[in-house]
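Listed here are the chains, written in short residue letters.
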Amino acid sequence: MIGRLNHVAIAVPDLEAASAQYRDTLGAKVNPPQDEPDHGVTVVFIELPNTKIELLHPLGEGSPIAGFLEKNPSGGIHHVCYEVEDILAARDKLKAAGARVLGDGEPKIGAHGKPVLFLHPKDFTGTLVELEEV
Ligand code: CO
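Along each chain, the written sequence defines residue order, and numbers are assigned to residues from 1. It should be noted that, the model being predicted, local features are given only for residues of pLDDT at least 70 and side-chain atom pairs only at 80 or more, the latter also being counted only at that level, while totals for whole chains, interfaces and linings use all residues. To obtain the side-chain values, all non-hydrogen atoms of the structure were used and water was disregarded.

## Digging into the environment of glutamate 54
Only DSSP runs of H or I with at least four residues qualify as helices, and only runs of E with at least two residues qualify as strands; both kinds are numbered from the N terminus onward. Mapped onto the fold, glutamate 54 is located in strand β5 (residues 52-58). A 1.4 Å probe rolled over the protein chains alone gives each residue an accessible area, and that area as a share of the maximum for its type sets the label: buried under 20%, exposed over 50%, partly exposed in between. The class for glutamate 54 is buried, based on a relative accessible area of 5%. Separated by 26 residues in sequence, glutamate 54 and valine 80 have C-alpha atoms that sit 9.5 Å apart. Note on contacts: a residue pair qualifies if any of its non-hydrogen atoms lie within 4.5 Å across the two residues. In contact with glutamate 54, not counting residues within four places along its chain, are His7, Val8, Ala9, Ile10, Val43, Val44, Phe45, His79 and His112. A distance of 3.0 Å separates a polar atom in the side chain of glutamate 54 from a polar atom in the side chain of histidine 7. Distance and chemistry together define a polar contact, namely a pair of N or O atoms within 3.5 Å, with one atom able to donate a hydrogen and the other to accept it when in protein, and with adjacent residues in sequence counting only for side-chain atoms on both sides. Within the structure, glutamate 54 has its side chain in polar contact with the side chain of histidine 79 (distance 3.3 Å).

## Brief notes about the environment of asparagine 31
Mapped onto the elements, asparagine 31 comes out in the loop between β2 (29-30) and β3 (34-36). A residue is classified by how much of its surface remains accessible, and asparagine 31, at 23% relative accessible area, is partly exposed. Beyond its immediate sequence surroundings of up to four residues, asparagine 31 is in contact with Val44, Phe45 and Glu47.

## A look at the pairing of strand β1 (residues 5-11)
With 6 of 7 residues buried, β1 is to be regarded as a mostly interior element. Summarising the sheet, β1 and strand β6 (residues 76-84) pair through 6 bridges and their orientation is antiparallel. Within β6, the position partnered with isoleucine 10 by the bridge is isoleucine 77. One bridge is not enough; two strands pair if DSSP finds at least two bridges between them.

## Section: helix α3 (residues 87-96)
Three or more residues of α3 are buried, namely Ile87, Ala90, Arg91 and Leu94. Down the axis of α3, the buried set is contained in an arc of 100°. They therefore lie on one face. Turned more than 90 degrees away from the buried face of α3, the exposed residues are Lys93 and Ala96. On the buried face of α3, the contacting elements are β6, β8 (115-119) and β9 (129-133). Where α3 terminates, the next one or two residues include glycine 98, which has phi positive at roughly 100°. When we speak of the arc, we mean the arc of directions from the helix axis to the C-beta atoms.

Given below as structure tokens:
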């Protein structure tokens, strides 16, 4: 059911420092920061030949990654995103298998303008999983 790894998201305490490290030290193609007020994050996309890295930094009050950074002050892997062809079919199949979908269970428009859902990390080997319809 799942397809390509769309991105790995890393929460970072300093977006500029992390962007500079990927651009200057690792030599990756780093895009400008993008505010996502609906998701409470500022995002920097890094393009790799086979996937993307998504640097996440809290935006505004009550950001969903503020607590994560409190527990992981130097940053850390926050989620992985897999591509699916039909997000509602994927959701229904996973729910039937007992997986918990976060939020109200309805897809939201994600940072790439496509519908996304998040699955509870306790149901997926301790990893927060994002599904993105492509
Ligand atoms: Co993501």
